[in-house]
Amino acid sequence: TTSLRDFAFSDNRDMTMNYFEILYQNRRLTEKEMMSESLMRGHIHGMLVRAVMLSGVAKAPKKGKVPKCSEEMTYRYLSLVDALERLNQFSKGHDIEINDLEMELLELLCALCQAIATIVVGKDNDSMAER
């Protein structure tokens, strides 16, 4: 699992030059918030890229029969499933804070990717009607 403590951090933002706060003070991310947000975005991006790659090798049914899985399709499916597991482990980690809206987005994206995987690869001994 990935932990925020495993990564180095360098804050090189210049908050002084050409940056005026007259009527309100802008909120700046803390070190922990910046790291968790960038890691979360990386996990989401990786998961969505894998879903697109899996859908790219999907085959259409012929004569109502389920297409057989190729070696490449199986590899991409397992890669997507692994990315889903890593995202779930990361989102349930104890050292990150995820608000309700981000959690809903994660659950929705995970459900979408699981649906894509089920439609493309299917389940053991299924038919087109079950997909």
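Further up the page is the structure itself.
Student: So what exactly am I meant to see when it comes to the overall build of the protein here?
Tutor: Counting its secondary structure elements, the protein contains 3 helices and 0 strands. Each helix and strand of the protein, ordered N terminal to C terminal, gives the series α-α-α. In the protein, which comprises 131 residues, the share counted as buried stands at 25%. Pairs at least 24 apart in sequence give 66% of the contacts found in the protein among residues at least 6 apart.

Student: How should I be thinking about the nonpolar core in this particular structure?
Tutor: As a rule of thumb, nonpolar side chains are buried together in soluble globular proteins. Core analysis: the biggest nonpolar cluster contains 20 residues, and Met47, Leu54 and Leu80 have the highest contact counts within it. Those elements that place two or more of their residues in this core are α1 (31-56), α2 (71-91) and α3 (100-120). Beyond its immediate chain neighbours, meaning those up to four positions away, leucine 80 contacts Met47, Arg50, Ala51, Leu54, Cys113 and Ala117.

Student: Before we go on, may I ask you to explain the environment of valine 52 in this structure?
Tutor: For valine 52, the position within the fold is in helix α1. On the basis of relative accessibility, which here comes to 57%, the residue valine 52 falls in the exposed class. Remark: the alpha-carbon pair of valine 52 and leucine 80, spanning 28 residues in sequence, is separated by 9.7 Å.

Student: Sorry, what's going on with the pattern of salt bridges here?
Tutor: Once the charged atoms of two side chains with opposite charge are near each other, the side chains can pair. Scanning the model with the defined rule gives 3 salt bridges in all. Arginine 41 is paired through a salt bridge with glutamate 37; the nearest N and O atoms lie 2.7 Å apart. Placement of the pair is arginine 41 and glutamate 37 together in helix α1, with a separation of 4 residues, close to one helical turn. For arginine 41, a relative accessible area of 56% translates into the label exposed. Put simply, aspartate 82 and arginine 86 hold a salt bridge, and the shortest N to O gap is 3.4 Å. In this pair, aspartate 82 and arginine 86 both sit in helix α2, 4 residues apart, roughly one turn of the helix.

Student: When you look at the environment of alanine 51 in this model, what are you seeing that I'm missing?
Tutor: Its location among the elements puts alanine 51 in helix α1. A C-alpha to C-alpha distance of 9.5 Å links alanine 51 and valine 81, two positions 30 residues apart in sequence. Setting aside residues no more than four positions away along its own chain, alanine 51 makes contact with Leu80, Cys113 and Ile116.

Quick notes on the rules
- Residues numbered from 1 in each chain as written.
- Predicted model: local features only at pLDDT ≥ 70, side-chain atom pairs only at ≥ 80, totals over all residues.
- Heavy atoms only, no water.
- Helix = DSSP H or I, 4+ residues; strand = E, 2+ residues; numbered from the N terminus.
- Buried < 20%, exposed > 50% of the residue type's maximum accessible area, 1.4 Å probe, protein only.
- Contact = heavy atoms within 4.5 Å.
- Core = buried A, V, L, I, M, F, W, Y, C linked by side-chain atoms within 4.5 Å.
- Salt bridge = Lys/Arg side-chain N within 4 Å of Asp/Glu carboxyl O.

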